[in-house]
Structure formats: C-alpha cells, structure tokens
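Observations on chain architecture
Listed here are the chains, written in short residue letters.
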Amino acid sequence: MLALGSWGFGGPVALVGYMYRDLVEKRHWISESDYKEGMALAQLMPGPLAAQLAIYLGYVHFRILGATLAGLAFVLPSFLMVVALGAAYSAFGGIGWMQAVFYGVGASVIGIIAMSAYKLTTKNIGRDKLLWAIFLVSVGVTVVTKSEVVWLFLGSGVLVWFWRAPPAWARRGDLRVVAGPIGAFFALETLDWHKLAQVGGYFAYAGSFVFGSGLAIVPFLYSGVVQEYHWLTDRQFVDAVAVAMITPGPVVITTGFIGYLVSGFWGAVVAALATFLPCYLFTVLPAPYFKKYGKLPAIIAFVDGVTAAAIGAITGAVIVIGERSITDWVTALLALTTAAVLWKFKKLPEPAIVVAAALIGLAIYPLMHGA
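Residues numbered from 1 in each chain as written. Predicted model: local features only at pLDDT ≥ 70, side-chain atom pairs only at ≥ 80, totals over all residues. Heavy atoms only, no water.

Helices and strands together make up the secondary structure of the protein chain, namely 17 helices and two strands. The 371 residues of the protein chain split such that 52% are buried. Sequence separation of at least 24 residues holds for 74% of the intrachain contacts in the protein chain that already meet a minimum separation of 6. Surface accessibility of the protein chain: about 17200 Å² in total, with carbon and sulfur atoms responsible for 70%. (Helix = DSSP H or I, 4+ residues; strand = E, 2+ residues; numbered from the N terminus. Buried < 20%, exposed > 50% of the residue type's maximum accessible area, 1.4 Å probe, protein only. Contact = heavy atoms within 4.5 Å. Areas by Shrake-Rupley, 256 points an atom, 1.4 Å probe, with all protein chains shown as cover.)

Structure representation (structure tokens):
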C-alpha cells in the first residue's frame, strides 16, 4: 500500500485494478471472494473507493491493526506530496510560472471531471428512470444554488428504498408513521452552518458523503470552502483539484492541500484526518456484518439513490466550476480537447494529460496576458 500510494496514478478505478493485479493475481495474499466483498462494501459505504478497499484488504487478515496500517500507508505518501505542493503554492503562488501552469491545468481539470461524470453516469444509472430523475434534479439544484444539498442526497436514498424495497408498514400504506419524522429531518437544512465553521468538523462532514469516486467530494468542498466559508478563491479551488490530479494516491487527498492553504501544516493534518476518519470507520465497523446484511434489497436501493444524486452533483459542479475556470477561448479549447482525448484514448493516464496542459499553459499564458 505504501508503494501504491507513492506511484499509483490514474484515479480510483485504476488503483483498485492495481490492488487486484498485485494482491490477488500475483501475490495471492487476498482471495478473490475477499476482494469482491471489499469492493462491494467500498461501493455501498460513503467514502473514497480506493482508500476504503485498501483499508478492507488490510482488515481481511489482520483486522483493526491491518486496516489501520494499510490505510495510513496508502494515504501518507500523497499527503506528504500535497503538503509540499501547498507550501510551494503558498510561497510562490504569485510568480508567473505557477500562474501559467495552473492556467493550463485548471482548464484541463474541467475536461477530466466532465469525463469522469459521464463515466459515472453511464455506469451507475443506466436506464433506470427514477435514478435519471434524481440525477437531473441534483444537476439542476447544484447549478442553481451553486452548492450541494446533502438532504437531497439522503432523501434520494430514502425515495429509492421506498420505491424498490418498501418496509412492511409502507406496503400497508401507513405512511403517516414517517411523515412527521421525515418533515423534521429535511427541516435541518435551516440550521446555521456558519456557527459550525471549524476545519475538522467541516471536512469530517464532507468526508461522510463521498460515494464511489473521490471526485464526488468536489461539489461538497466547492460549496463549503469557496462559497460558505470563503477560505479559498475560485482559482485556488480549481488549483487544489489540479494538485489532486497530478499526485498519486486517492483524489480526495486534495483536502490536505486545501487545509494547508487555510491553516498551514496543522490545517492540512486536521483536514486530511477528518476526511479519511469517516471512511475508515465506515469500512471497519460494518466489515464483520457485511456478509450477512450487505446484499439486502433495502440497503442496495438506498445506496443507488444516494449515488445517483451524488453523480448529479458532480455533473452540476462541472458547470459551476467551469464558469470560473474557462476564461477565454484557449481555456475553453483545452477543456474540450481534454474531454475528447479521454473519450478517444480511454487508457491514457490522466496525470500525463495534466502535465501536457501545464506545458501548454507555460507557453500560452505569457502570450495571452502580455507577460
């Protein structure tokens, strides 16, 4: 896991593929059945897919100790990298070459996120009309409000659960039993979240609602760190996502970079710990019971609903962030070209695209800005 976290590029799908190749096929440390159970649990529980699978595979033979060491080893290399990049960014962010690099990379990242949203949509939603409706509503809400609405996510899960696998009392038509509690549940949206403005609390909250892909955290973080708390500017946020793209390991490690920009080294530590602690707990705590309950129709239906809403939020975030990152015809062309290249060459590693975009930015930025 330490090695994979140090040079494992390509995003969550590639990382879980490397784990299968190395641990199941080559070294035979993990059985096929244990790997599949880990994948199923990682997809069902909130949390970044690759990190949760790494934690589960550590749990298989050595329980809590194995899960803890595997998780730390997988995340630590990329954390150290983003802290170093955060220090350089803070120190040299105003220098022309760094502005030029992120001019190209920021536009390219929009294309990468757009393609990721497309892949997630086709893989997880398919032809299910209810999931499509949830997806489209989530896209619209994200674009209009320019933020995530977490209660829409959870409400979507409840809706699909009741539609596909309703409890016995719901099948009898006695919905009055839950009418009051559900109304009160959604009323929590009126809470003044500004009073809870602590870095650890916010990132723990964000880390608790990342389903499937690390990119699902992007709309959560954007609405919080940019719009609600104003910790970062739009430009800095796109740069933070770009940093996650050019470093190995889990994409969610961008929270460490953001934490560094907000409060220095300890901000990075608190943000990263708060983000990964929920996914650790969501993996370790249900692991002993997963074989018995993980395939219940109600659980699967709830997760499908939440996932559809999360993918809709990612798609909406492409539009919201793109409005601020695409500032001229060059950045528009870069974003479109990135999406087209990823469409055509599906196995092309994303870090290679980001490096190419950085070089283009270095060449074009001075010409576009007269510097």
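Together, Phe92, Trp97, Val355, Leu359 and Leu362 make up a nonpolar patch on the protein surface, roughly 490 Å² of accessible area in all. A total of three residues in the nonpolar patch trace back to one element, the largest contributor, which is helix H17 (residues 350-369). Examined against the element boundaries, leucine 359 turns out to sit in helix H17. Leucine 359 gets classed as exposed once you look at its relative accessible area, which sits at 54%. (Patch = residues over 30% accessible without salt bridge, like charges linked within 9 Å, V, L, I, M, F, W, Y side chains within 5 Å. Salt bridge = Lys/Arg side-chain N within 4 Å of Asp/Glu carboxyl O.)

When its volume is computed, the second largest pocket comes out at roughly 530 Å³. Lining the second largest pocket are 20 residues, and of these Met1, Leu23, Arg27, Trp29 and Ala70 sit closest to its centre. Elements with a minimum of two residues in the lining of the second largest pocket: helix H1 (2-7), helix H2 (11-26) and helix H4 (49-92). When its residues are assigned to classes, the lining of the second largest pocket shows 13 nonpolar, four polar and three charged. (1 Å grid on protein atoms, 1.4 Å probe; cavity = no way out; pocket = protein on both sides within 12 Å on 5 of 7 lines; lining within 4 Å. Points joined across faces, edges and corners; volume = space filled by probe spheres on them. Nonpolar A, V, L, I, M, F, W, Y, C, P; charged D, E, K, R; others polar.)

With 20 residues, H17 should cover 28 Å at 1.5 Å per step; its first-to-last C-alpha distance of 27 Å lies within 8% of that length. Maximum bend of H17: about 35°, positioned at alanine 363, with proline proline 366 one to four residues after it. Here H17 has its buried residues at Glu350, Pro351, Ile353, Val354, Ala357, Ala358, Gly361 and Tyr365. (Expected span 1.5 Å × (residues − 1). Bend = angle between axes of the 7 residues up to and from the residue.)

Moving on to the pattern of salt bridges. Pairing of side chains with opposite charge becomes possible as their charged atoms draw close. On inspection of all chains with the given rule, the structure shows three salt bridges. Between arginine 21 and aspartate 22 there is a salt bridge, with the nearest N and O atoms lying 2.9 Å from each other. Between aspartate 128 and arginine 164 there is a salt bridge, with its nearest N and O atoms 2.9 Å apart. Taken together, the residues aspartate 128 in the loop between helix H5 (96-124) and helix H6 (129-145) and arginine 164 in helix H7 (residues 150-164) connect sequence positions 36 residues apart.

Quick look at the nonpolar core now. Core analysis: the largest hydrophobic core is formed by 103 residues, its most contacted members being Met19, Tyr35, Phe74, Phe203 and Phe237. The leading source of residues in this core is H4, at 17 residues. Here phenylalanine 74 is in contact with Met1, Leu4, Gly5, Leu15, Met19, Ala50, Ala51, Ala54 and Pro250, once residues within four sequence places are set aside. (Core = buried A, V, L, I, M, F, W, Y, C linked by side-chain atoms within 4.5 Å.)

All right, on to helix H10 (residues 199-207) then. Every buried residue belonging to H10 is among Val199, Tyr202, Phe203, Ala206 and Gly207, and all of these are buried. Each buried residue of H10 sits inside an arc of 130° when the element is viewed along its axis, so together they form one side. Of the surrounding secondary structure, the elements contacted by the buried residues of H10 are strand S1 (47-48), helix H11 (217-228) and helix H13 (254-284). (Arc of directions from axis to C-beta.)

Counting across every chain of the model gives twelve aromatic pairs. Ring geometry for tyrosine 222 against phenylalanine 237: centres 5.3 Å apart, planes inclined by 70°, an arrangement best described as edge-to-face. Here tyrosine 222 is found in helix H11, whereas its partner phenylalanine 237 is found in helix H12 (residues 234-246), with 15 residues between them in sequence. We note that tyrosine 222, like phenylalanine 237, is buried. Both rings, one in tyrosine 229 and one in tryptophan 231, keep their centres 4.7 Å apart while their planes meet at 20°; by these two values the pair is stacked. For tryptophan 231, a relative accessible area of 22% gives the class partly exposed. Members of the aromatic cluster, each reached through a chain of ring pairs, are Tyr202, Phe203, Tyr205, Tyr229 and Trp231. (Phe/Tyr/Trp six-rings, centres within 6.5 Å; stacked < 30°, edge-to-face > 60°.)

A separate point is the confidence of the model for the protein chain. Looking at the protein chain as a whole, its pLDDT mean stands at 79, while 84% of the residues score no less than 70. Ranking the helices and strands of the protein chain by mean pLDDT puts H4 first, with 91, and helix H9 (residues 176-187) last, with 47. Residue range residues 182-193 is modelled with pLDDT below 50. Its contacts to residues more than four positions away, or to other chains, number eleven contacts. (pLDDT = per-residue confidence, 0-100.)

Closest axis-to-axis distance for the H10/H13 pair is 8 Å, and the angle between their directions is 45°. As far as their axial angle goes, H13 and H10 are oblique. Relative to H13, the crossing made by H10 is right-handed. Mapping the contact onto sequence places Val199, Gly200, Phe203, Ala204 and Gly207 in H10 and Thr255, Ile258, Val262, Ser263, Gly267, Val270, Ala271, Ala274, Thr275 and Pro278 in H13. When its residues are assigned to classes, the contact of H10 with H13 shows nine nonpolar, six polar and no charged. (Axes fitted to C-alpha atoms, helices over the stretch in contact; angles between N-to-C directions. Parallel < 35°, antiparallel > 145°, perpendicular 65-115°, else oblique. Left-handed = near helix turned anticlockwise from the far one by under 90°.)

Attention shifts here to the packing of H10 against H11. Closest axis-to-axis distance for the H10/H11 pair is 10 Å, and the angle between their directions is 155°. Regarding the angle of H10 to H11, the classification is roughly antiparallel. As H10 runs across H11, the sense of the crossing is right-handed. Residues Tyr202, Phe203 and Ala206 of H10 pack against Ile217, Phe220, Leu221, Ser223, Gly224 and Val225 of H11. Residue classes in the contact of H10 with H11 are distributed as seven nonpolar, two polar and no charged.

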